[in-house]
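Residue-level listing of the chains:
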Amino acid sequence: MIKDLARSDADPSRRSSEHSSPDLNEFLIGLARGLGGALLFALPMQMTMEMWELGFTMDRWRLLLLLLATLPLLFGLARRIGFEETFSWREGMRDAVIAYGIGIVSSAVLLSLFGLITSDIAREDLVGKIALQAVPASIGALLGRSQLGSGPDEEDEDEQQETEGTGYGTELFMMAIGALFLNLNTAPTEEMILISYLMTPWHALVTILLSIAVMHGFVYAVSFKGGHELSQDVPSWHALIRFTLPGYVIALLISLYCLWTFGRLDDAGAMTNLMAVVVLGLPGAIGAAAARLIL
Amino acid sequence: MSGQKTKKTVEAQGHWIEWATGLISGLLVIAMIGIVALDALTASDAAPDLKVTIINQRPTSGGTQVSFIVSNLGKRSAAGVPVTGLLSREGRVVERREVIFDYVPAQSQEKGALIFSENPDGAQLELHTSGYRDP
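Because the structure is a prediction, the values reported are computed rather than measured.

### Digging into the overall build of chain A
A count of helices and strands for chain A gives 13 helices and one strand. The buried share of chain A, taken over its 295 residues, is 54%. Long-range contacts, defined here as pairs at least 24 residues apart, represent 83% of the contacts in chain A between residues at least 6 apart.

Next comes the structure, spelled out in structure tokens:
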């Protein structure tokens, strides 16, 4: 959606026709794609009981921090999956804000549909529930626009991106998004905490090694589409140190942040918390690896 | 987008910042593995070790609220922990209150409160955990 607008901004010949029906049509298709993405990515969370409860149990400052942090995150994501060529601050912000808006509206609609939003609900609860769900939904809306879309112009865009290559910082940022996405799905559930209680430290050790192995394998070994290949003269431990280990540390930090945000770390001792971070780090690592392939 | 993508290639010579980030990350991961391994070696036959401490007592509209901390000093988490409060006067139990904690994780503490309708002043108040199960 926003991409098409951005393109018409950059191209003077198309600017004159900005308000004509084909462009409006494209904009609406873009909105619909965003809505589709928000549904696809956020529905599991909107149907999770712990997420509803967090709407009122969550610490308000932590919720505020999460909501504020989402904005630069969406901005960065818009920049990455938008078009670096015609990219400007204004367009990026517009992209991010529209995605956030789609997230809020779709969350409100779905939560109402599930009978969770009624007239006798407290205002704080109402705002908390919708705001919390809007975070994954808005990420979904942005991803939906890029991943669900298929048009001829998107293909040549890809070629441009490839020649430009992917910066190291961008690579790490995408891993953070991927980890955050899977962590938002899993961190609120009680199972994460329960699993960490069930596990012995030995289980945790194996989980750590498995996370790293899966993360590395996902990107370099199993040749998924969008996977990365090592040039002939690069030993595989190069990529392990330069990409996989930083990615895993990012996944762990995102896990830590999610658990803290949802108040899962408040009463427990350091060792118990570390175990929970390791448990959540597994989906985080897979999310991070997948993000490098997909985005 | 992904459908059109060809493979990215990792260059042989990374920027020094990539190596620095990698090195720091590697050290962090190794440190974490070390801490967990140390814990694995020392906590092989661990059991929960539960203790209840009264921290506060205040009158509320529903009775006297006795706040407490239940702490688990052991290296293993406990689930379904009931905390029972007995209020006795002259050796006779006059009130019994109980609250159940879903989890008391290893080396952690949880807060809670019991509400007694009688004023515990001048009476004997005893709080204890009556058991636990494995998570």
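So, next bit.
### A closer look at the UniProt feature "transmembrane region" (unreviewed entry) in chain B
UniProt marks residues 20–41 of chain B with the feature "transmembrane region" (unreviewed entry), using the numbering shown here. The span residues 20–41 of chain B is 100% helix and 0% strand, and its two end C-alpha atoms sit 31 Å from each other.

### Quick notes on the side chain of Asp125(A)
All names here are of chain A. Checked against the element boundaries, Asp125 lands in helix H7 (residues 123–147). For Asp125, a relative accessible area of 11% corresponds to the buried category. With residues near it in sequence (within four places) discarded, Asp125 still touches Trp52, Gly55 and Phe56.

### Concerning the nonpolar core
Membership of the largest hydrophobic core comes to 80 residues, with the highest contact counts inside it found for Leu77(A), Leu132(A), Ile139(A) and Tyr248(A). In terms of residue count, helix H13 (residues 270–294) of chain A provides more of this core than any other element does, 13 residues in total. By size, the runner-up hydrophobic cluster in this structure holds 15 residues, among which are Val52(B), Val66(B), Leu114(B) and Ala123(B).

### Brief notes about the confidence of the model for chain A
All names here are of chain A. Of all residues in chain A, 80% have pLDDT values of 70 or greater, and the mean over the chain is 82. For residues 1–19, every residue scores under 50 in pLDDT, and the model assigns this stretch 42 contacts once sequence neighbours within four places are set aside. The model gives residues 151–164 a pLDDT under 50, and that stretch makes 23 contacts with residues more than four places away or in other chains.

### A short note on helix H5 (residues 60–81) of chain A
With 22 residues, H5(A) should cover 32 Å at 1.5 Å per step; its first-to-last C-alpha distance of 31 Å lies within 8% of that length. The complete set of buried residues in H5(A) reads Arg62(A), Leu63(A), Leu66(A), Thr70(A), Leu73(A), Leu74(A), Phe75(A), Gly76(A), Leu77(A), Ala78(A), Arg80(A) and Ile81(A).

### Considerations on the sheet that holds strand E2 (residues 50–60) of chain B
All names here are of chain B. Taking strand neighbours across the sheet as the criterion, the three strands line up as E2-E3-E6 in an open arrangement whose pairing is antiparallel. Because the sheet does not close on itself, it has two edges, and the strands there are E2 and strand E6 (108–116). Shown here is a sheet whose adjacent strand axes are inclined to one another by a mean of 20°, direction ignored.

What counts and how
Residues numbered from 1 in each chain as written. Chains lettered and ligands numbered in written order. Predicted model: local features only at pLDDT ≥ 70, side-chain atom pairs only at ≥ 80, totals over all residues. Heavy atoms only, no water. Helix = DSSP H or I, 4+ residues; strand = E, 2+ residues; numbered from the N terminus. Buried < 20%, exposed > 50% of the residue type's maximum accessible area, 1.4 Å probe, protein only. Contact = heavy atoms within 4.5 Å. UniProt positions renumbered as here; feature names shortened; annotations may be inferred. Core = buried A, V, L, I, M, F, W, Y, C linked by side-chain atoms within 4.5 Å. pLDDT = per-residue confidence, 0-100. Expected span 1.5 Å × (residues − 1). Pairing = 2+ DSSP bridges. Axes fitted to C-alpha atoms, helices over the stretch in contact; angles between N-to-C directions.

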